[in-house]
Amino acid sequence: MKMPTPDAAVLQRRAEIVAALQQILPGEGVIVSEAERRAYESDGLTAYRQLPMVVALPSRVDQVAAILRYCKEMGVKVVPRGAGTSLSGGALPLADGVLLGMAKFNRILDIDYDNRCVTAQPGVTNLALTQAVEDAGFYYAPDPSSQIACTIGGNVAENSGGVHCLKYGLTTNNLLGIEMVTMDGEVIRLGGKHFDADGYDLLGIMTGSEGLLAVVTEVTVRILPKPTTARALLIGFPGTEDAGKCVAAVIGAGIIPSGMEMMDRPAIHAAEAFVRAGYPLDVEALLIVELDGPPAEIDHLIGKVEVIGREHRATTVQVSTNDAERLAFWSGRKAAFPAVGRISPDYYCMDGTIPRGRLAQVLARMRDLSEEYGLRVANVFHAGDGNLHPLILYDANKLSEIERAEAFGGDILRLCVEVGGVLTGEHGVGVEKRDLMGTMFDETDLAHQQRVKCAFDPDGLLNPGKVFPQLHRCAELGRLQVHSARLPFPDLPRF
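The structure presented is a predicted model; accordingly, all values stated were derived computationally and were not measured.

Rules behind the numbers
- Residues numbered from 1 in each chain as written.
- Predicted model: local features only at pLDDT ≥ 70, side-chain atom pairs only at ≥ 80, totals over all residues.
- Heavy atoms only, no water.
- Helix = DSSP H or I, 4+ residues; strand = E, 2+ residues; numbered from the N terminus.
- Rg over C-alpha atoms; globule rule 2.2 N^0.38 Å.
- Buried < 20%, exposed > 50% of the residue type's maximum accessible area, 1.4 Å probe, protein only.
- Contact = heavy atoms within 4.5 Å.
- Areas by Shrake-Rupley, 256 points an atom, 1.4 Å probe, with all protein chains shown as cover.
- Lys, Arg positive; Asp, Glu negative; His and termini not counted.
- Charge placed at Lys NZ, Arg CZ, Asp CG, Glu CD.
- Pairing = 2+ DSSP bridges.
- Axes fitted to C-alpha atoms, helices over the stretch in contact; angles between N-to-C directions.
- pLDDT = per-residue confidence, 0-100.
- Disulfide = S-S within 2.5 Å.
- Core = buried A, V, L, I, M, F, W, Y, C linked by side-chain atoms within 4.5 Å.
- Phe/Tyr/Trp six-rings, centres within 6.5 Å; stacked < 30°, edge-to-face > 60°.
- Expected span 1.5 Å × (residues − 1).
- Patch = residues over 30% accessible without salt bridge, like charges linked within 9 Å, V, L, I, M, F, W, Y side chains within 5 Å.
- Salt bridge = Lys/Arg side-chain N within 4 Å of Asp/Glu carboxyl O.
- Polar contact = N/O pair within 3.5 Å; in protein donor to acceptor, adjacent residues only side chain to side chain.
- Arc of directions from axis to C-beta.

Q: Help me understand the overall build of the chain in this model?
A: Check the secondary structure of the chain and you find 15 helices and 19 strands. Taken against the 2.2 N^0.38 rule, which gives 23 Å for 495 residues, the C-alpha radius of gyration of the chain at 23 Å falls within 12% of a compact globule. A principal-axis box enclosing the C-alpha atoms of the chain has dimensions of 70 × 55 × 45 Å. Across the 495 residues in the chain, those meeting the buried criterion constitute 55%. Counting only contacts in the chain whose residues sit at least 6 apart along the sequence, the fraction spanning at least 24 positions is 70%. Total accessible area computed for the chain in this model is approximately 20,800 Å², and 53% of it derives from carbon and sulfur atoms. Of the side-chain charges in the chain, 47 are positive and 62 negative, and the distance between the mean point of each set is 2 Å.

Here it is in structure tokens:
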């Protein structure tokens, strides 16, 4: 179907915005052509795509401030973007907005071993932080599966976790300070190299704020000394419920592994075919349990975990004897997402969190939902903290499968809330879970959250259309009970 031609007024406004941005970003800092903008039309949630009006690529803080100040004055919407690995549509562009790409902010600014911290620009990849300090015996603990590509600025925006978050925490537990630019163009610093910031916890508010409050231009994180010993167990089970009960039993025994991941049969087979990690193929579920610390302690805990596994019908137990074997165990889990991409034209990566004790129940219900919707699902979990990542397999060339995948995913997230969990663990709300926020929060809850948004961005120009299912004008949020009409969002452009 032929797209309508934009009218003259729209084209004129776009030309004026482009010209203004080119004054701020001379050279190749402004991307205008359709072919070049196409690279930014979606993030990791590829089911939804939209060409941005224009892409701006600043390389200095003063340029970010000038862009935001101009957009504020002219009422132009702005969508911040890091590496575009977001899986919730948080970086989905707007047809009438500027996409603010932070990829040129890619330098590590300071490594301070005395204070055990690193200061970096937001475009530095997660893995690069560890690579910068590993020769000195340090590392950065949060390690999302996309760590080779995802950036630390995006990690702050989504409060990312990873396979080692059970013991060492999410981004928020390892973040010391940030520099950020508000929609007014003001540059603000929160925290620093010290352990905790004084005053209101604005650093906590910014972590996981999904680009709705300000644009992060510098990040300071804590680094940790590498543990003296790290070993992993690979435990296979005849059923996913057995593995789920084993997870709860390990934590219930007072053991806190540095990592505890679970994969079901489809994910196991896909990962093994992809990386040849040595996974057993005759099991329905696989646990990877890593323990770190002094050698004597680790030997003792490995024995306890093996006993617990056997008590929960484990059919196979492998224990790494060296670091190469340990890394091999993790290689399949780290590559699970691209591995699943080899067995299905498309997959929808979900993200919800549940109480650990309800894992077996949720797995059984997801199996029933898979049959109801006629779609396969491969499960990969941060089992230790209850963060689920079901991968719903579908074919984007079949509209009915897209619709069933979305409905299936919605039911999974409602199930998470029903058993006492939450809609997201680390991927964020974005546009994916926006219309499900009402399953967790009532109107008053959401109004209070939007008041925070209004304090930073009263005109609603920064990443609008994300997170909140209903828009309220800031002036209407002065009352506790809000009864404003629903303001429609434009239809999401879906691939």
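Q: What am I meant to see in the sheet that holds strand 3 (residues 77-81) here?
A: Taking strand neighbours across the sheet as the criterion, the 4 strands line up as 1-2-4-3 in an open arrangement whose pairing is mixed. Every interior strand has two partners, whereas the edge strands, strand 1 (30-31) and strand 3, have only one. Pairing analysis gives 5 bridges linking strand 3 to strand 4 (residues 97-101), with the strands arranged parallel. Pairing of Val79 across the sheet is with Leu99, part of strand 4. Contacts from helix 1 (residues 8-24) reach strand 1, strand 2 (54-56) and strand 4, with the element oriented near 15 degrees to strand 2. Against the sheet, helix 3 (residues 61-74) touches strand 2, strand 3 and strand 4, its axis set at about 170 degrees to strand 4.

Q: What's the story with the confidence of the model for the chain in this structure? I'm lost.
A: Low-pLDDT portions of the prediction should not be read for the details of their coordinates. Summarising the model, the chain shows a mean pLDDT of 92, and 95% of its residues fall at 70 or more. Contacts for the low-pLDDT stretch residues 480-489, under 50 throughout, to residues beyond four places or in other chains number 27 contacts.

Q: What's the story with the state of the cysteines in this structure? I'm lost.
A: Among covalent bonds in proteins, the disulfide is the one between the sulfur atoms of two cysteines. Scanning all chains against the criterion turns up 1 disulfide. Each sulfur in the disulfide pair Cys454 and Cys474 lies 2.0 Å from the other. Across the S-S bond linking Cys454 and Cys474, the dihedral sits near -90 degrees, which makes this disulfide left-handed. Separated by 20 residues along the polypeptide, Cys454 in helix 15 (residues 443-456) and Cys474 in the segment after helix 15 bring together distant segments of the chain. Free cysteine: Cys150, not disulfide-bonded; nearest cysteine sulfur from Cys349 at 13 Å. Unpaired in this structure, Cys246 has its nearest cysteine sulfur neighbour in Cys165, at a distance of 18 Å.

Q: Help me understand the nonpolar core, please; the structure alone is not making it clear to me.
A: The nonpolar side chains of a soluble globular protein tend to be buried, and buried together. Counting 84 residues, the largest nonpolar core has Ile178, Ile235, Met262, Leu287 and Ile392 as its most contacted members. At 8 residues, the largest contribution of residues to this core is made by helix 14 (residues 399-418). Contacts of Leu287, omitting those with residues within four sequence positions, involve Leu233, Leu234, Ile235, Phe237, Ala243, Cys246, Val247, Met260, Glu261, Met262 and Ala383. Counting residues in each nonpolar core, the second largest holds 28 residues, with Ile17, Leu25, Val64 and Cys71 among its members.

Q: What am I meant to see in the sheet that holds strand 8 (residues 175-181) here?
A: Hydrogen bonding along the main chain pairs the strands of a sheet, whether they run parallel or antiparallel. Strand order in the open sheet formed by 5 strands is 5-6-10-8-9, with antiparallel pairing between adjacent strands. For this open sheet the edge positions go to strand 5 (108-112) and strand 9 (187-191), each flanked by a neighbour on one side alone. The sheet shows a mean angle of 10 degrees between the axes of neighbouring strands, taken without regard to direction. The sheet strands contacting helix 3 are strand 8, strand 9 and strand 10 (215-222), and the helix crosses strand 8 at an angle near 55 degrees. In the packing of helix 4 (residues 126-133) onto the sheet, contacts are made with strand 5, strand 6 (117-120) and strand 10, and the angle to strand 5 comes to roughly 45 degrees.

Q: I would appreciate a short explanation of the packing of aromatic side chains in the present structure.
A: Any aromatic ring pair is given by two values, namely how distant the centres are and how the planes are angled relative to each other. Enumeration according to the criterion identifies 4 aromatic pairs in this entry. Judged by centre distance (6.3 Å) and plane angle (90 degrees), the ring pair of Tyr139 and Tyr168 falls under edge-to-face. Here Tyr139 is found in strand 7 (residues 138-139), whereas its partner Tyr168 is found in helix 6 (residues 165-168), with 29 residues between them in sequence. Accessibility expressed as a relative area gives 15% for Tyr139, which makes it buried. When the ring of Phe337 is compared with that of Tyr347, the centres are 6.4 Å apart and the planes differ by 55 degrees; the resulting orientation is tilted. Of this pair, Phe337 sits in helix 12 (residues 336-340) while Tyr347 sits in strand 16 (residues 346-349), placing them 10 residues apart in sequence. A residue is classified by how much of its surface remains accessible, and Phe337, at 13% relative accessible area, is buried.

Q: Honestly, helix 8 (residues 240-252) in this entry has me stumped. Any pointers?
A: Relative to the 18 Å expected for 13 residues at 1.5 Å per residue, helix 8 spans 18 Å between its end C-alpha atoms, a close match to the ideal helical length. Among the residues of helix 8, those classed as buried are Thr240, Asp242, Ala243, Gly244, Cys246, Val247, Val250 and Ile251. Each element contacted by the buried residues of helix 8 is listed here: helix 6, strand 12 (229-237), strand 13 (259-264), strand 14 (285-293), helix 10 (295-311) and helix 13 (359-373). Just beyond helix 8, the residue with positive phi is Gly254, at close to 85 degrees.

Q: How should the environment of Gly137 be read in this particular structure?
A: Looking at the element boundaries, Gly137 is found in the loop between helix 4 and strand 7. Remark: the alpha-carbon pair of Gly137 and Lys226, spanning 89 residues in sequence, is separated by 5.6 Å.

Q: How should I be thinking about a nonpolar patch on the surface in this particular structure?
A: On the surface, Tyr200, Leu202, Ile205 and Val452 cluster together into a nonpolar patch covering about 390 Å² of accessible area. Position of Ile205 relative to the elements: it lies in helix 7 (residues 202-206). On the basis of relative accessibility, which here comes to 35%, the residue Ile205 falls in the partly exposed class.

Q: What is the right way to look at the side chain of Glu179 in this model?
A: Inspection of the secondary structure assignment puts Glu179 in strand 8. A polar atom in the side chain of Glu179 sits 2.7 Å from the side chain of Thr217. Aside from chain neighbours lying at most four places away, what touches Glu179 is Val61, Val187, Ile188, Arg189, Val215, Val216, Thr217 and Glu218.

Q: When you look at helix 10 in this model, what are you seeing that I'm missing?
A: In an α-helix, one turn spans 3.6 residues, which is why side chains three or four residues apart end up on the same side. The end-to-end C-alpha distance of helix 10, which contains 17 residues, comes to 25 Å, matching closely the 24 Å that a straight helix rising 1.5 Å per residue would cover. Along helix 10, the residues that are buried comprise Ile298, Leu301, Ile302, Val305, Ile308 and Gly309. Looking straight down helix 10, one finds that the buried residues subtend no more than 130 degrees of arc, so they occupy a single side. Helix 10 presents Ala296, His300 and Glu311 as exposed residues on the side facing more than 90 degrees away from its buried surface. For helix 10, the secondary structure elements touched by its buried residues are strand 12, helix 8, strand 14 and strand 15 (316-319). Phi turns positive one or two residues past the end of helix 10, at Arg313, with a value near 70 degrees.

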